[in-house]
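Here is what each chain is made of, one letter per residue.
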Amino acid sequence: MRIDVVTIFPEYLEPLNVSLVGKARARGLLDVRVHDLRAWTHDRHHTVDDTPYGGGPGMVMKPEPWGEALDEIIGTATPPPALVVPTPSGRPFDQELAVELSRAPWLVFTPARYEGIDRRVVDEYAERLTVHEVSIGDYVLAGGEAPVLVMVEAVARLLPGVLGNAESHRDDSFAGGPMAGLLEGPVYTKPPQWRDRGIPDVLLSGHHGRIARWRRDQALARTAANRPDLIARIDPAALDAHDRAE
Ligand code: 6GU
């Protein structure tokens, strides 16, 4: 997969050199190119923003640098990339969208600062390619760069060969499989005693059936406590009598 990011803060994207995403790049599984939007300005101050038409607070990113940047990056490539526009007004980012994006061969991210980008930019490129306007949650950030880090990591770990083994996705919170729709429960490792705390006996029992049951109960309890909205969305046919008693 190829990913381009256009930003006025290229250094904000340096975490893409580290850890899972950095390793995927080093292994040639992911080609990430970060561009400085100001490279496509022509005035001595490299201006990227201006005051909003109609008045109001803050500044709006000018369309011309974005248009020149996107035209140059996209070129005449066929098929063209999908555009991912981070904005608090976008569709909520979730695992389903991460999976969809991970199937695209090429994504271009356009994180904005200020009050966002002149609307004509999205309208223009939406005529030629798929545009996803995406929010990472119900809070306001100063810009789209942190959301790009979030989305690229969520997408990169789904690419073939990036994670150690294909099993690693199966029990993810929000993945399919036996724990579909539930949050993950607690996990433990050695030592068997830490301070005055031990390990739940069932995990040391060797009874795989009881361990699976316990894990499911823990997942149900945690989901009910932290995400009652997810409990409400579980298909009743996916619950057994023991689940219902929780
Ligand atoms: Cl994608 N951008 C900004 N600026 N704030 C956000 C966001 C995006 N998602 C949640 N809050």
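Residues numbered from 1 in each chain as written. Predicted model: local features only at pLDDT ≥ 70, side-chain atom pairs only at ≥ 80, totals over all residues.

- Under an unreviewed UniProt entry, the protein chain has the name tRNA (guanine-N(1)-)-methyltransferase and belongs to Streptomyces marispadix.
- Checking UniProt for the protein chain, the heading Sequence similarities (unreviewed entry) contains the comment "Belongs to the RNA methyltransferase TrmD family."
- Checking UniProt for the protein chain, the heading Catalytic activity (unreviewed entry) contains the comment "guanosine(37) in tRNA + S-adenosyl-L-methionine = N(1)-methylguanosine(37) in tRNA + S-adenosyl-L-homocysteine + H(+)". (UniProt positions renumbered as here; feature names shortened; annotations may be inferred.)

Quick look at the pairing of strand β5 (residues 82-92)
Next, step 1: Bridging between β5 and strand β6 (residues 106-109) involves three bridges; their strand directions are parallel. Bridged to A82 within β6 is L107.
Next, step 2: Bridge count for β5 against strand β7 (residues 131-135) is six bridges, and the pairing is parallel. Of the residues in β7, the one forming a bridge with L83 is V131. (Pairing = 2+ DSSP bridges. Helix = DSSP H or I, 4+ residues; strand = E, 2+ residues; numbered from the N terminus.)

What to know about the packing of helix α1 (residues 19-26) against helix α5 (residues 145-156)
Next, step 1: It is at 9 Å that the axes of α1 and α5 come closest, and there the two elements cross at 60 degrees. Regarding the angle of α1 to α5, the classification is oblique. At the point where α1 passes α5, the crossing takes the left-handed sense. Every residue of α5 that contacts α1 at L20, V21 and A24 is listed here: V152, E153 and A156.
Next, step 2: Considered class by class, the residues forming the contact of α1 with α5 number five nonpolar, no polar and one charged. (Axes fitted to C-alpha atoms, helices over the stretch in contact; angles between N-to-C directions. Parallel < 35°, antiparallel > 145°, perpendicular 65-115°, else oblique. Left-handed = near helix turned anticlockwise from the far one by under 90°. Contact = placed C-beta atoms within 7 Å. Nonpolar A, V, L, I, M, F, W, Y, C, P; charged D, E, K, R; others polar.)

Observations concerning the nonpolar core
Next, step 1: Membership of the largest hydrophobic core comes to 38 residues, with the highest contact counts inside it found for I3, L30, V84, F109, V148, M151 and V152.
Next, step 2: For this core, the secondary-structure elements that each account for two or more residues are β1 (2-7), α1, α2 (63-74), β5, β6, α4 (120-126) and α5.
Next, step 3: The contact partners of V148, leaving out residues within four places of it in the chain, are V5, L13, P86, F109 and P111. (Core = buried A, V, L, I, M, F, W, Y, C linked by C-beta atoms within 7 Å. Buried ≥ 20, exposed ≤ 12 C-beta atoms within 10 Å, placed from the backbone.)

Regarding the UniProt feature "binding site: S-adenosyl-L-methionine" (unreviewed entry) in the protein chain
Next, step 1: UniProt annotation of "binding site: S-adenosyl-L-methionine" (unreviewed entry) refers to I136, G137, D138, Y139, V140 and L141 when read in the numbering used here.
Next, step 2: Along the chain, the position of D138 falls in the loop between β7 and α5.
Next, step 3: Given 7 C-beta atoms within a 10 Å radius, D138 is considered exposed.
Next, step 4: Positionally, L141 belongs in the loop between β7 and α5.
Next, step 5: Setting aside residues no more than four positions away along its own chain, L141 makes contact with A146 and P147.

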